[in-house]
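Okay, here's what each chain looks like letter by letter:
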Amino acid sequence: MASTADIKNGVVLKIDGQLWTVIEFQHVKPGKGGAFVRTKMKNVVSGKTVDRTFNAGAKIETENVDRRDFQYLYADGDAFVFMDTSDYDQLSVPAAVVGDAANFMLENQAVTVALHDGNPLYVELPASVTLEITYTEPGLQGDRSTGGTKPATVETGYQIQVPLFLEQGTKVKVDTRTGDYLGRVNE
């Protein structure tokens, strides 16, 4: 058990059987009444964000979440297999835990997997990844970068919106948090 004085950004707390990461915190000492700690927390599993206030000195339960570097190897049915880059152990992660990250993962890509008591909690990708467009409608003469967008399918099978001038086979940079097109990649 820890107290509210141990709350820092990035600390994982166990509240009502669920794991929450502290995004930001503020120790408040009003002129009248007791001090308290105001926190903004994100649910580790669902990603839901909530504001929560604790009285100063209240006992809280902290949890140890291990974030380790893994390499994505392959998809195996409804699970994804990752290899720990430090000891080469393989870990099978269910598709529900991987979530939307599956749309941007290529084989042999480096990712971060958060583990709690050996169980995977979530998969974290780099902020952006480079993917090749495998299918898109051909651009027409006169299409400019300031114009509209068109759908394009990238090599993972995910569909993104790209400018009209891009063609099949072009490598593009994609934001892994939003799925937005960020730009072309020149090899």
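Residues numbered from 1 in each chain as written. Predicted model: local features only at pLDDT ≥ 70, side-chain atom pairs only at ≥ 80, totals over all residues. Heavy atoms only, no water.

1. With respect to the overall build of the chain
Right, so step 1: Summing up its helical and strand segments, the chain has one helix and 17 strands in all.
Right, so step 2: Since a compact globule built from 187 residues should have a radius of gyration of about 16 Å, the 22 Å found for the chain marks it as more spread out than a globular shape.
Right, so step 3: With the principal axes as the frame, the chain shows a C-alpha extent of 70 × 45 × 25 Å.
Right, so step 4: The contacts in the chain between residues at least 6 apart in sequence include a share of 42% that link residues at least 24 apart.
Right, so step 5: Accessible surface computed for the chain: about 11100 Å², of which carbon and sulfur atoms make up 45%. (Helix = DSSP H or I, 4+ residues; strand = E, 2+ residues; numbered from the N terminus. Rg over C-alpha atoms; globule rule 2.2 N^0.38 Å. Contact = heavy atoms within 4.5 Å. Areas by Shrake-Rupley, 256 points an atom, 1.4 Å probe, with all protein chains shown as cover.)

2. So, the domain arrangement of the chain
It is common to give the size of an interface as the accessible area lost on bringing the parts into contact.
Right, so step 1: Split into domains, the chain comes out as domain 1 (4-63), domain 2 (65-124) and domain 3 (128-184).
Right, so step 2: Between the C-alpha centres of domain 1 and domain 3 there is a distance of 41 Å. (Domains from an automatic or database assignment.)

3. Here we look at the sheet that holds strand β9 (residues 79-84)
Right, so step 1: Reading across the sheet, the five strands line up as β10-β9-β8-β11-β12 and stay open at both edges, with antiparallel pairing between neighbours. Every other strand in the sheet has two partners, leaving β10 (90-94) and β12 (119-124) as the edge strands with one partner each. Pairwise comparison of adjacent strand axes, ignoring direction, gives a mean angle of 45° for this sheet.
Right, so step 2: Note: strand β8 (residues 66-76) against strand β11 (residues 110-116), six bridges, orientation antiparallel. Note that in β11 the partner of Arg67 across the bridge is Ala114. (Pairing = 2+ DSSP bridges. Axes fitted to C-alpha atoms, helices over the stretch in contact; angles between N-to-C directions.)

4. A look at the UniProt feature "domain: Translation elongation factor P/YeiP central" (unreviewed entry) in the chain
Right, so step 1: Taking the numbering used here, the UniProt-annotated feature "domain: Translation elongation factor P/YeiP central" (unreviewed entry) corresponds to residues 67-121.
Right, so step 2: Annotated as 7% helix and 56% strand, the span residues 67-121 places its first and last C-alpha atoms 10 Å apart. (UniProt positions renumbered as here; feature names shortened; annotations may be inferred.)

5. Structural notes on the side chain of Thr4
Right, so step 1: Mapped onto the elements of the fold, Thr4 is located in the loop between β1 (2-3) and β2 (12-15).
Right, so step 2: At 2.8 Å, the side chain of Thr4 and the backbone nitrogen of Gly57 are in polar contact.
Right, so step 3: In this structure, Thr4 is in contact with Val37, Phe54, Asn55, Ala56, Gly57, Ala58 and Ile60, ignoring residues within four places of it in sequence. (Polar contact = N/O pair within 3.5 Å; in protein donor to acceptor, adjacent residues only side chain to side chain.)

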